[in-house]
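# Overview (structure and organization)
The primary structure of each chain is shown beneath.
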Amino acid sequence: MSENKSTLDTLVALCKRRGFIFQSSEIYGGFAGFWDYGPLGCELKRNIKDSWWKATVRTREDVEGLDASIIMHPAIWKASGHLDTFADPMSMCRNCKKLMRADQIWDLFAENGLEAALAPLLGDPGKIANWCKGRGRALAPNLDAVKNAETALPRLFPRLAEPKTARDLYILLATPDGKESVLPCPHCGGEMTEPRPFNLMFRTVVGPIDDPANAAYLRPETAQAIFAQYTNILKTSRQAVPFGIAQMGKSFRNEVTPRNYTFRSREFEQMELEFFIKPDEAVELLCGHVARLTPETDLSQPQPDWGWEIWHKYWVEQRKNWLLKAGLPQGSFVEYWQKPDELAHYARACVDIEYAFPFGTQELEGIAARSDFDLTQHQTHSGKPMEFFDEPLKLAAKRLSDEQKAAFRAKTLADWTARGKSEQAANRFLDRLLEGYYIPHVIEPSAGVDRMALALLCNAYSEEQIPNDSGKEDVRTVLHLSPIIAPVKAAVFPLVKNKPELYAKAREIFKTLQSRWNTYWDESGAIGRRYRRQDEIGTPYCITVDFQTLEDGTVTLRDRDTMQQSRISIPELVAKIDAAVN
RNA sequence: GCGAGCUUAGUUCAAUGGCAGAACGCCAGCCUUCCAAGCUGGCCACACGGGUUCGAUUCCCGUAGCUCGCUCCA
């Protein structure tokens, strides 16, 4: 642990020393949760983003790009659910000082059967109050409100505007001095403070009048802008489902405790793709079946008979391939498939790709199958249709006999009710589907640029023992970054700097390379020292111009990882680096 | 947000109620024909604010930041 600790510390020191990452506002003492990327850091981030964009958008015909505004209509966050879920009230125990999300107090009590016991009492505050007194005595005999249960007057406090389950309610107990407490502390039975709102979204004011009515929010994710512009992009891009919209950009979350270097920041950058697919029912009508995911399923090319499950798996594989290309080796990250009870209610599946950071194994990116939840929400809240008209689907439905159609309806109805949906909703969906309309489902790969940068740096960092000129062991610090990601692609050195002819030739070669890639010039100190400087920032190639260069035009190419040198002509050199950095 | 500890140069560390040091790094010069060589010179620090004191980097208080634990991480 302490060894891991120092791994992160040395990396942090390197990042500062060499200009990758600085603390924000450092001259004023720093500002928690915010970070600045220096000369090398911003190149690193740019390379990560360029590589992602190239893989996700440029080299695909079925994905379009978007660069939306950070501040959007507040109604978007109402529709997405962020205004509600990001504003979860928190409650603290006055006795043991533990801070808990108010609704999670329920989780802690659930083991004791609280929720189940309360469910039948819903809608009858009197019964709940009585239950509370008795139960409270057992759970928290020392709580004042419970001791005085005869005089305490429990009342209900809704957590959501429209409470549907017991969990949507807090139970407040009036204490003798008139204050109210939620359920007693599950840990020590102490008295809990009243739940206070904790809004995790940054609030600002739009327009010059500083009035709460003008409140707006900095986006907590880039995804919602994609849903909000989905119809515009669908109309203007000549795309058809299945297709995707990708966006990279800053997002903001008012984290309670930003920690672990840049891992959890209050301002961060995301790379998100929303890939819109046909609902499985549409695939079935069009293809007569929905392909099943098996270990043998060929995921190299999308197929018309893929349902959400294969599409989801496809994107997991696509993302893993990209991680490998970016330089995270096989085995350095793990897939965590969320269990059914961990999934958000609208999610069909979610895979976290986790990396073993020095401070623990943490999520690098998530690939979620989000059903049609988001677009449906926006259709409901905006009143604008989010349906896609699928002409082949309409024709396919037309070709069905009445018998076939009835069978299809019955099967779909059974599926939906089995998933807890109402018959009415299923029928509404079927009516539209058979006319060729549906709201697309979504597969969402969502990655954090800053986390990716940190993971790549952690993975690349190494210290190697190598003998120096005087026969002693030296420590060589190297960032084994992929050439695609490395902030500096090549460095050019004149072997000596006091020979004008050699110097001029080196400058000429440097200028040639500089026009293609980020290239570094270094003429100071012994040649070995210059190599080590580049090792420390992960420059894959060092080019030394020596006296032979003046004769035959070749240079010495020194490889960062192997430290091997070879002689190479300039055209060969350009071709070699070009192949490595793309 | 709570509790504990910490904060001296770019980095890693010293010392001190009375001029704050080293190593490495960095910069300049000399030298140098391939892996942190050598010589000379140079830049750079007591996190910030207040208090006690003749005098505070040192003692006290506050703020910020960092680390650890609790908590949070849709």
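Residues numbered from 1 in each chain as written. Chains lettered and ligands numbered in written order. Predicted model: local features only at pLDDT ≥ 70, side-chain atom pairs only at ≥ 80, totals over all residues. Heavy atoms only, no water.

Along the chain, lysine 278 turns up in the loop between β14 (267–277) and α11 (280–287). Owing to a relative accessible area of 17%, lysine 278 belongs among the buried residues under this scheme. Excluding residues within four positions of it along the chain, lysine 278 makes contact with Val241, Pro242, Val283, Leu286, Asp390 and Tyr438. (Helix = DSSP H or I, 4+ residues; strand = E, 2+ residues; numbered from the N terminus. Buried < 20%, exposed > 50% of the residue type's maximum accessible area, 1.4 Å probe, protein only. Contact = heavy atoms within 4.5 Å.)

What follows is about the layout of surface pockets. Space inside the second largest pocket adds up to approximately 360 Å³. In terms of lining residues, the second largest pocket is bounded by 14 residues, among which Asn47, Asp50, Ser51, Lys54 and Asn582 are the most central. Elements supplying a minimum of two residues to the lining of the second largest pocket: α2 (39–58) and α12 (308–326). Broken down by class, the residue content of the lining of the second largest pocket amounts to 5 nonpolar, 4 polar and 5 charged. (1 Å grid on protein atoms, 1.4 Å probe; cavity = no way out; pocket = protein on both sides within 12 Å on 5 of 7 lines; lining within 4 Å. Points joined across faces, edges and corners; volume = space filled by probe spheres on them. Nonpolar A, V, L, I, M, F, W, Y, C, P; charged D, E, K, R; others polar.)

Tracing the sequence through the fold places threonine 236 in helix α10 (residues 230–237). The class of threonine 236 is exposed, set by a relative accessible area of 65%. Reaching out from threonine 236, the side chain makes a polar contact with the backbone oxygen of asparagine 232 at a distance of 2.8 Å. (Polar contact = N/O pair within 3.5 Å; in protein donor to acceptor, adjacent residues only side chain to side chain.)

It is worth spelling out α12 at this point. Compared with the 27 Å implied by 1.5 Å per residue over 19 residues, the 27 Å span of α12 between its first and last C-alpha is a close match. The complete set of buried residues in α12 reads Trp308, Ile310, Trp311, His312, Tyr314, Trp315, Val316, Arg319, Lys320, Trp322, Leu323 and Ala326. Remark: glycine 327 follows α12 within two positions and exhibits a positive phi of approximately 120 degrees. (Expected span 1.5 Å × (residues − 1).)

Looking now at helix α19 (residues 527–537). An α-helix turns once every 3.6 residues. As a result, residues three or four positions apart point the same way. For α19, the full list of buried residues reads Arg530, Tyr531, Gln534, Asp535, Glu536 and Ile537. Trailing α19 by a residue or two, glycine 538 shows a phi angle of about 85 degrees, which is positive.

The sheet built from 3 strands is open, its strands ordered β4-β12-β11 with antiparallel pairing. Looking along the sheet, the strands with just one partner apiece sit at the ends: β4 (71–72) and β11 (203–205). Alignment of β4 against strand β12 (residues 215–218), held across 2 bridges, turns out to be antiparallel. Its bridge partner being in β12, isoleucine 71 is matched across the sheet by leucine 218. (Pairing = 2+ DSSP bridges.)

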